[in-house]
Amino acid sequence: MRLKLIVQISLITGIVLSFTSALFGYFNISSLKQAFLQSAVSDLDHLGETIFRSVFHQMLENDRNAIQVTIVEVGQGKGIERIRILNRDGMVAFSTRKGEICTTVVKQQAPACMVCHNEEMSSEDSCASLPRSRMLVNSDGKKVLGMIRPIYNEPTCWTGACHAHSKDTKLLGLLEITISADPMLSMIRNYRNNAVIQIFFLILSISLCLTLLTKRLIIQPVHTLLEHTRAVGKGNWRLIKSVPGDELGELSEAFNDMTGKLKKNQDEMDEWAATLETRVEERTREIKEMQAVLVRSEKLASLGELVAGIAHELNNPLTGVMIHASLLARDPRLDDGLVEDCQTVIDETTRCSKIVKELLDFARVSDPQKVMQPVSKVIDKTIALIEHHSDFKDTELIKEYDPDLPETLMDASQIEQVLINIMINASQAMPEGGELFIKTGVSESGNHIYVRIEDTGCGIPKENIEKLFDPFFSTKGHKGTGLGLSVSYGIIQSHGGDIEVESTPGTGTAFTIILPI
Ligand SMILES: Nc1ncnc2c1ncn2[C@@H]1O[C@H](COP(=O)(O)OP(=O)(O)O)[C@@H](O)[C@H]1O
Ligand SMILES: [Mg+2]
């Protein structure tokens with residue numbers, strides 16, 4: 001069975017309090033009883049002594065009447081039950097109860113005698129060695145306090161005028177006083193009853209206080225925590241509002257903290273679940289792109305080797321054809337009608353040489369000689385080189401360089417080649433003329449610089465975008481080789497960078513070269 005915390009605390013404190021209070025009360029009352037008894041005994045001793053002194057001379061003078069009168073007078077005092085003097089044979093010589101005078105007291109029937117006399121002790125000396133006052137029960141069954149004072153034989157007794165006693169007798173008689181114990185007992189009873197009532201109320205108030213405090217400081221906060229924990233368990237993200245500044249306060253703060261974190265995690269998981277599809281799509285697209293890049297790089301690499309071999313082999317025969325065709329064209333023996341054909345041979349051979357040169361460039365891309373330098377310097381040098389190219393005559397250049405652009409590690413001649421390729425493509429896309437924006441800057445992440453080359457030309461149809469960097473992809477017929485962008489791509493890749501394309505057919509195209517800082 002699960003006992004509630006408050007019941008457990010109340011039970012335990014109740015038991016402990018009751019036990020300690022009972023113990024405290026018991027010892028307290030016992031010691032008080034002892035103190036009362038001692039005080040009563042001492043009073044009784046004084047009274048005995050006083051009576052003895054009062055009747056001492058009357059005894060010496062053997063004035064029996066005076067002794068009896070004194071005893072009766074004193075015996076009227078409050079609480080005094082009886083005063084009597086016994087002679088050494090146990091006969092009552094004087095008493096406040098006249099009827100018993102001259103009777104002999106049977107030891108065993110008089111409790112007061114048992115103060116000194118029991119079975120073992122019957123000698124006269126025993127009186128001197130024992131405490132003379134005792135609590136006794138009288139013939140009515142009531143508790144009384146009894147005192148026996150022995151009357152010894154003194155020199156004045158045997159030297160006195162009457163010579164009543166011989167010198168050898170030790171004990172002459174006994175003075176016995178009995179007083180009622182009722183006043184003392186009722187005082188003790190009153191005290192005990194008061195103490196019991198006080199202790200009862202003390203236990204009651206302490207228990208009440210403890211219960212209330214426990215309820216307010218422990219049980220209520222624990223209940224609140226419990227409720228919130230259950231609510232959180234059901235997915236209701238409630239926070240605890242009022243927090244006291246003790247350990248339970250710390251606990252509720254920790255609880256709120258935990259709830260916050262759980263909620264955040266849950267939200268993230270929910271968001272994850274909700275956007276999982278989009279993420280999967282995005283990731284698939286990224287993987288496809290990466291795959292395309294990989295295929296392109298592989299294509300470039302294998303092609304590079306092949307192309308380098310072929311181009312090298314073709315160069316010499318082409319030079320031979322070129323020289324001979326040129327000589328033939330200048331030969332006066334040649335028919336005028338054939339000069340034009342000869343010129344066609346020269347033009348086509350020149351075109352072949354150009355392709356061979358580009359192929360060689362394409363194959364050479366692998367080791368760039370990189371130096372730290374500002375990209376703007378390379379751009380300006382490129383512009384100076386191609387400004388007077390026939391394709392550029394109607395192109396307006398608009399530059400927007402970032403003045404704080406950091407220097408970048410690059411092979412200037414290779415980057416120049418890339419810029420030439422992209423800029424010439426741009427100008428060729430604007431046969432009627434247009435604007436060419438060249439912008440530089442640092443990427444949002446701060447890890448890359450970019451050079452954006454944007455034209456207002458014909459743009460690229462969507463289906464061609466993916467093929468742009470493929471070797472030999474060209475839409476320019478015999479005017480193009482389709483190697484410019486693939487060579488550029490290879491160079492930028494070997495610099496650890498990337499080329500991005502955005503294009504709107506009919507509006508223009510933007511190529512962005514990205515290089516790591
Ligand atoms: N700025 C541009 N505007 C429109 N089309 C472009 C642009 N740049 C490149 N292209 C397209 O990309 C193709 C491949 O370019 P490139 O590799 O340089 O080869 P080429 O210039 O010899 O055709 C071009 O034929 C052209 O169709
Ligand atoms: Mg080109």
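Worth saying up front: this structure is predicted, and the values here are computed from it rather than measured. (Residues numbered from 1 in each chain as written. Chains lettered and ligands numbered in written order. Predicted model: local features only at pLDDT ≥ 70, side-chain atom pairs only at ≥ 80, totals over all residues.)

## So, the overall build of the protein chain
Note the cut-off: A run of H or I in DSSP becomes a helix once it reaches four residues, and a run of E becomes a strand once it reaches two; helices and strands are each numbered from the N terminus. Every radius of gyration here is taken over C-alpha atoms, with the globule rule written as 2.2 Å times N^0.38, N being the number of residues. Think of it this way: build a C-beta for each residue from its backbone, and any pair within 7 Å is a contact.
A count of helices and strands for the protein chain gives 11 helices and 12 strands. Relative to its length of 517 residues, the protein chain is extended, with a C-alpha radius of gyration of 66 Å against a globular reference of 24 Å. Dimensions of the protein chain, computed from C-alpha atoms along their principal axes, come out at roughly 205 × 45 × 40 Å. Across the protein chain, the fraction of contacts at a sequence separation of at least 24, relative to all contacts at a separation of at least 6, is 65%.

## Considerations on the nonpolar core
Test applied: The term nonpolar core refers to a group of buried residues, namely Ala, Val, Leu, Ile, Met, Phe, Trp, Tyr and Cys, whose C-beta atoms join them within 7 Å. Residue burial here comes from a neighbour count, namely the number of other C-beta atoms, placed from the backbone, that lie within 10 Å of the residue's own C-beta, with 20 or more meaning buried, 12 or fewer meaning exposed, and in between meaning partly exposed. These domain limits were set by an automatic method or by a database of domain assignments.
If you look at the biggest cluster of nonpolar residues, it comprises 31 residues, and the most contacted ones within it are Val418, Ile422, Ala426 and Ile453. For this core, the element with the highest residue contribution is helix H9 (residues 412-428), accounting for six residues. Structurally, this core is a two-domain feature, drawing no fewer than three residues from each of domain 2 (238-364) and domain 3 (366-516). Each residue touching Ala426, except ones within four places of it in the same chain, is listed here: Leu436, Ile453, Asp455 and Gly457. By size, the runner-up hydrophobic cluster in this structure holds 20 residues, among which are Val55, Met59, Ile83 and Leu175.

## Section: the site of ligand 1
Quick note on the threshold: All residues are tested the same way: a C-beta atom is placed from the backbone, and lying within 6 Å of a molecule or strand makes the residue near it. Side-chain classes follow a simple rule in which Ala, Val, Leu, Ile, Met, Phe, Trp, Tyr, Cys and Pro form the nonpolar group, Asp, Glu, Lys and Arg form the charged group, and the remainder, Gly included, forms the polar group.
Around ligand 1, the structure places 20 residues, and the nearest of them are Asn425, Ala429, Ser474, Gly480 and Gly484. For the shell around ligand 1, the secondary structure elements donating two or more residues are H9 and helix H11 (484-494). Sorting elements by how many residues they give to the shell around ligand 1 places H9 first, with three residues. Partitioned by chemical class, the residues of the shell around ligand 1 number eight nonpolar, 10 polar and two charged.

## Concerning H11
Most of H11 sits inside the fold, with nine of its 11 residues counted as buried. Within the sequence span of H11, burial applies to Gly484, Leu485, Ser486, Val487, Ser488, Tyr489, Gly490, Ile491 and Ile492.

## A word on the sheet that holds strand S9 (residues 434-442)
Put simply, the test is: Here a strand pair is declared whenever DSSP counts at least two bridges between the two strands. In this analysis an axis means a line fitted to C-alpha atoms, helices contributing only their contacting stretch, and an angle means the value between N-to-C directions, from 0 to 180 degrees.
Strands sit in the order S7-S9-S10-S12-S11 across an open sheet of five strands; the sheet is mixed. With one partner strand each, in any of the chains shown, strand S7 (395-400) and strand S11 (498-504) form the two edges of the open sheet. Within this sheet the neighbouring strands show an average axis-to-axis angle of 15 degrees, counted without direction. For S11 and strand S12 (residues 508-516), the ladder comprises seven bridges, and the chain directions are antiparallel. Residue pairing for S12: Asp498 is matched across the bridge by Ile514. Packed onto the sheet, H9 meets S7, S9, strand S10 (448-455) and S12 and runs at close to 25 degrees relative to S10.

## Let's talk about the confidence of the model for the protein chain
Using the following cut-off: pLDDT measures the predictor's confidence residue by residue and takes values from 0 up to 100.
Predicted confidence across the protein chain gives a mean pLDDT of 85, with 91% of residues reaching 70 or more. Between the elements of the protein chain, mean pLDDT differs from a low of 48, seen in helix H3 (residues 126-129), to a high of 97, seen in S10. Low pLDDT, under 50, characterises residues 119-130; the predicted model gives this stretch 12 contacts beyond four residues in sequence or across chains.

## Some remarks on the domain arrangement of the protein chain
One frequent convention defines the size of an interface as the accessible area lost when the parts assemble. When cut into domains, the protein chain gives domain 1 (5-187), domain 2 (238-364) and domain 3 (366-516). If you average the C-alpha positions of domain 2 and of domain 3, the two centres end up 14 Å apart. Taken together, the 12 residues of domain 2 in the interface contact 12 residues of domain 3. Those elements that place two or more of their residues in the side of domain 2 that touches domain 3 are helix H6 (247-330) and helix H7 (336-364). The residue makeup of the side of domain 2 that touches domain 3, split by class, is six nonpolar, one polar and five charged.

## Side note on the environment of Lys288
Mapped onto the secondary structure, Lys288 falls in helix H6. On the basis of neighbour counts, which here come to 10 C-beta atoms within 10 Å, the residue Lys288 falls in the exposed class.

## Quick look at unusual backbone geometry
For Asn62, which is not a glycine, the phi torsion comes out positive at approximately 55 degrees. For Asn62, the location among the structural elements is in the loop between helix H1 (5-60) and helix H2 (64-75). The phi angle at Cys102 is positive, at roughly 75 degrees, despite the residue not being glycine. Tracing the backbone shows Cys102 in the loop between strand S2 (92-95) and H3.

## A look at the sheet that holds strand S1 (residues 80-87)
Taken in spatial order, the five strands make up an open sheet running S2-S1-S5-S4-S3, and their pairing is antiparallel. The open sheet has two edge strands with one neighbour each: S2 and strand S3 (133-137). For this sheet, the mean inter-axis angle between neighbouring strands, taken without regard to orientation, is 25 degrees. Two strands pair when backbone bridges link them, and S3 and strand S4 (residues 143-152) are joined in this way by five bridges, in the antiparallel orientation. Among the inter-strand pairings, Val137 is bridged to a residue of S4, identified as Lys143.

## Digging into the packing of H9 against H11
Cut-off, in case you're wondering: Crossing handedness: left-handed means the near helix sits turned counterclockwise from the far one by under a right angle, and right-handed means the same turn made clockwise.
Direction vectors running N to C along H9 and H11 enclose 145 degrees, while the axes themselves pass 9 Å from each other. Considering only the axes of H9 and H11, their crossing is left-handed. Contact with H9, carried on its side by Gln414, Gln417, Val418, Asn421, Ile422 and Asn425, involves Gly484, Leu485, Val487, Ser488, Ile491 and Ile492 of H11 and no other residues of that element. When its residues are assigned to classes, the contact of H9 with H11 shows six nonpolar, six polar and no charged.

## A look at the packing of helix H8 (residues 375-386) against H9
The criterion, for reference: When an angle is under 35 degrees it counts as roughly parallel; over 145 it counts as roughly antiparallel; between 65 and 115 it counts as roughly perpendicular; any other value is oblique.
Put simply, H8 and H9 touch, their axes get as near as 9 Å, and they point 55 degrees apart. Judged by the inter-axis angle, H8 sits oblique to H9. As H8 packs across H9, the resulting crossing turns out to be right-handed. Between H8, through Val378, Ile379, Lys381, Thr382, Leu385 and Ile386, and H9, the contact on the second element is made entirely by Ala412, Ile415, Glu416, Leu419, Ile420, Met423 and Ile424. Classifying every residue of the contact of H8 with H9 by side-chain character gives 10 nonpolar, one polar and two charged.

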